[in-house]
Amino acid sequence: MLKNLNSKHIQRFSYKYLPQFPISPNSPKLGFSRSQIANYRSNFPTTIMSSSKTIVLRSSDGETFEVDEAVAVESQTIKHMIEDGCADTSIPLPNVTSKILSKVIEYCKKHVETPNADEKVAEEDLKSFDADFVKVDQSTLFDLILAANYLNIKSLLDLTCQTVADMIKGKTPEEIRKTFNIKNDFTPEEEEEVRRENAWAFE
Amino acid sequence: MSSTSENVDDRLSMLPEDILSRILSLMPTKFAVRTSVLSKRWRHTWTSVTNLDFDYTRYHRSIQKIIKKFVDGNEENFIKFVDRALKFCRNSHVKLFRLHVSNYHHAIVSSVSNWIDSAVRLNVRELDICVIQYELPLSVFTCNTLTSLRLELSACDFGGWELPSTIYLPCLKTLDIVGCNNPQAIHGCCPVLESLSLEVSCEEDFVLNIPTLKWLKLICTSGSSNGNSKITLRVPKLEYLFVDGVL
């Protein structure tokens, strides 16, 4: 993500607000405090920083999505990017297509909007939203898993992984292979040996 | 075989290892291990699961909470299966270990203690045990990684768990015991306990003194003929209380 940052900004930043360790693309979260970032903003007014209200996300195919910051920070990845001051004009997400990103945003919006109430109605409503949300074709489901993983959205990752788990458990190996189009490359002898090793699992 | 399936990739097998491990951890271990036969790539994927969940029960609990004990001839295979799963588990910090057994075969009964001990040695965090016998390895009661413990007897003909006198569970936040003979043993041994669910036969008076407790469920099944025993609760931080049974 640091590769996408304008290198001019980094140079200016490093002279005045040098953190104690070198900035490199591989370094972990830079950890600038909010006051440091605010200082930076006031000293370099030409830098366009996004307002604290909305964030612009750019998908791999170039489409942009403007979302509330509260929704965007459901993703820990995006949250860290904002905290690190990498969110000037827009946040590029090269691993997520617009189709999937719009679905992810829909999920995050719903989960942020639903108050954290113990109210039964709100809980039921969210559960039924989640159940409908994963009624998609396999390809979209796997894309959502990978996006949730990359964007670090725990609840979405749990939801999508549980959906796949429910498609696996209870099925025979033949049924699983058919569902997911897995090619069996065991010889009959090898397969027999694997089945024998864990006999109880196949009863 | 329809022609459309030829153009569809096997995207499941192409997922990163840590995501597959996450998916396989969301199902009973029996089904996770079944994936070992899908293809060569899948042979050892299950060994990275974070949860070990073994269920060898035949009947669900009826309203009267009676589970029929059974012996069905698959005991040897089950024992081999659990032994192997514990041996090949690559995770040295297991999140959940669940063992539900209502099979009454003596070979299983003698293995259960070893299995639970193995789970403790794998630094288990959540333990959920529902078995036929009363003996548990003492290591369970001094396990310093345990955050959640659930104990139940799968055949409630008689008796209950007899807790040892030396219990010290420094990380335990949730404790659920169904069928406890000596609840006073809990006193002082769980310094951060927040949630407690106890099903006790109230034969004697006892005191529950847990300053950190927020959630308490107490079910008193009728004990001996003199049903007037006293329970004292010293739980200043309590937010939720549920009480049921014969008091």
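Predicted model, so just to flag it, every value in this text is computed and none were measured.

Definitions and limits used
- Residues numbered from 1 in each chain as written.
- Chains lettered and ligands numbered in written order.
- Predicted model: local features only at pLDDT ≥ 70, side-chain atom pairs only at ≥ 80, totals over all residues.
- Heavy atoms only, no water.
- Helix = DSSP H or I, 4+ residues; strand = E, 2+ residues; numbered from the N terminus.
- Buried < 20%, exposed > 50% of the residue type's maximum accessible area, 1.4 Å probe, protein only.
- Contact = heavy atoms within 4.5 Å.
- Core = buried A, V, L, I, M, F, W, Y, C linked by side-chain atoms within 4.5 Å.
- Buried area = accessible area lost by both parts, 1.4 Å probe.
- Salt bridge = Lys/Arg side-chain N within 4 Å of Asp/Glu carboxyl O.
- Nonpolar A, V, L, I, M, F, W, Y, C, P; charged D, E, K, R; others polar.

Participant: Give a description of the environment of B:Cys89 that names residues and reports values.
Facilitator: Residues and elements named next belong to chain B. Assignment of secondary structure puts Cys89 in the loop between helix H4 (75-88) and strand S2 (96-101). Given a relative accessible area of 10%, Cys89 falls into the buried group. Along the primary structure Cys89 and Arg22 are separated by 67 residues, whereas in three dimensions their C-alpha atoms are 14 Å apart. For Cys89, the residues in contact, after removing those within four places along its chain, are Thr47, Val49, Leu52 and Val94.

Participant: Can you break down the nonpolar core residue by residue, with the values?
Facilitator: Formed by 119 residues in total, the largest nonpolar core has its most connected members in B:Leu12, B:Ile23, B:Phe97, B:Leu99, B:Trp115, B:Leu127 and B:Leu196. Discounting residues that sit within four places of it in the chain, B:Leu196 has contacts with B:Leu175, B:Ile186, B:Leu208, B:Ile210, B:Leu213, B:Trp215, B:Leu216 and B:Lys217.

Participant: Outline the interface of chain A and chain B, supporting the account with residue identities and numerical values.
Facilitator: By convention, interface size is frequently given as the accessible area that disappears when the constituent parts associate. The partner chain B presents 34 residues to the 39 residues of chain A that form the contact. Carbon and sulfur atoms make up 63% of the area that chain A and chain B hide from each other, which totals about 3600 Å². Together, A:Asn181, A:Asn198 and A:Trp200 form the three largest contributors to the area buried by chain A at its contact with chain B, with a combined 21%. Counting every contact that joins chain A to chain B gives 6 salt bridges. When the shortest N-O distance is used, the salt bridge between B:Arg84 and A:Glu197 registers 3.2 Å. For the side of chain A that touches chain B, the secondary-structure elements that each account for two or more residues are helix H7 (138-151), helix H8 (154-168), helix H9 (173-180) and helix H10 (188-197) of chain A. Ranked by residues supplied to the side of chain A that touches chain B, first place goes to H8(A) with 7 residues. Grouping the constituent residues of the side of chain A that touches chain B by class yields 18 nonpolar, 8 polar and 13 charged.

Participant: Tell me about unusual backbone geometry, residues and numbers included.
Facilitator: We note that A:Asn152 has phi near 55°; this positive angle belongs to a residue other than glycine. Tracing the chain through its elements places A:Asn152 in the loop between H7 and H8. Overall, the relative accessible area of 38% leaves A:Asn152 in the partly exposed class. Its identity as a non-glycine residue notwithstanding, B:Asn123 has a phi of 60°, on the positive side. The class for B:Asn123 is partly exposed, based on a relative accessible area of 24%.

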